[in-house]
Amino acid sequence: MVDYLPLMREAIAIAKLALATDDVPVGALVINPAGVSVGRGSNQREVDRDPTAHAEIVALREAALEQNNWRLDNCTLIVTLEPCAMCAGAIAQSRIKTVVFGAWDEKAGAVGSVWDILRDPRSPHQIEVIAGILEDECAALLREFFKEKR
């Protein structure tokens, strides 16, 4: 069994990078089958002025370039917040094998809370989902960010 705690801690550290750009602190990394990080990303919507620059998308793009292939078969995505519908679609298209996330997104989550795109039986690719890894730490980072915004 893979120990996802250190990987989620790394994703949390990546999430904190978004704070410097005043973006929502979400962090993601893609791990190849050998356990090596091949893609990292934090939310970059504000700095890039790009609505698609979610942490997951940034990490998937970097991993695809690093692997020289859009297919990320047998890779794992670790992300601090449950992916939204856009990110879940990109994850499915990339053929990621496993998604590990920390905090649930009760408003826009698409991996179990509002929708469950990745485990929909009609989907041609079934993706393993592991939820709630360091959930309290991931959620606290988001709560603190939004508390300061209000």
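Residues numbered from 1 in each chain as written. Predicted model: local features only at pLDDT ≥ 70, side-chain atom pairs only at ≥ 80, totals over all residues. Heavy atoms only, no water.

Taking 1.5 Å per residue as the helical rise, helix α5 (residues 135-149) with its 15 residues ought to reach 21 Å, and the 21 Å between its terminal C-alpha atoms agrees with that figure. Residues C138, A139, L141, L142 and F145 constitute the buried set of α5. Around the axis of α5, the buried residues are gathered within 155° of arc, so they sit on the same side. The exposed set on the far side of α5, more than 90 degrees from its buried face, consists of D136, R143, K147 and E148. Structurally, α5 contributes buried residues whose contacts are with α1 (5-17), β3 (76-81) and β4 (98-103). (Helix = DSSP H or I, 4+ residues; strand = E, 2+ residues; numbered from the N terminus. Expected span 1.5 Å × (residues − 1). Buried < 20%, exposed > 50% of the residue type's maximum accessible area, 1.4 Å probe, protein only. Arc of directions from axis to C-beta. Contact = heavy atoms within 4.5 Å.)

On to the sheet that holds strand β2 (residues 37-42), then. Spatial ordering of the open sheet is given by β2-β1-β3-β4-β5, a layout of 5 strands whose pairing is mixed. Of all strands in the sheet, those with a lone pairing partner are β2 and β5 (128-131), marking the two edges. When the angles between neighbouring strand axes are averaged without regard to direction, this sheet yields 15°. As paired elements, strand β1 (residues 27-31) and β3 share 4 bridges and run antiparallel to each other. Bridged to V30 within β3 is L77. Running at roughly 135° to β1, α1 makes contact with β1, β2, β3 and β4 of the sheet. (Pairing = 2+ DSSP bridges. Axes fitted to C-alpha atoms, helices over the stretch in contact; angles between N-to-C directions.)

This part covers the environment of V79. Relative to the elements of secondary structure, V79 occurs in strand β3. C-alpha separation for the pair V79 and K107, spaced 28 residues apart in sequence, amounts to 17 Å. What V79 contacts, discounting residues up to four positions off in sequence, is M8, V26, G27, A28, E56, V100, F101 and G102.

Turning our eyes to something else, we now look at the nonpolar core. Within soluble globular proteins, side chains that are nonpolar generally end up buried alongside one another. Core analysis: the biggest nonpolar cluster contains 45 residues, and M8, V30, I78, I91, I96 and L118 have the highest contact counts within it. Secondary-structure elements contributing two or more residues to this core are α1, β1, α3 (55-67), β3, α4 (85-94), β4, β5 and α5. Tallying contributions element by element places α1 first for this core, with 6 residues. For V30, the residues in contact, after removing those within four places along its chain, are V36, S37, V38, G39, A59, L60, A63, C75, T76, L77 and I96. (Core = buried A, V, L, I, M, F, W, Y, C linked by side-chain atoms within 4.5 Å.)

The buried count for β1 comes to 5 of 5 residues, which makes it a mostly enclosed element. The alternating pattern of β1 places G27, L29 and I31 and A28 and V30 on opposite faces, both of which are buried. Bridge analysis of β1 against β2 gives 5 bridges, and the strand direction is antiparallel. Opposite V30, over in β2, you have G39 as the bridge partner. A loop of 5 residues connects β1 with β2, the two strands running antiparallel in sequence, and G35 in this loop sits at a positive phi of about 90°.

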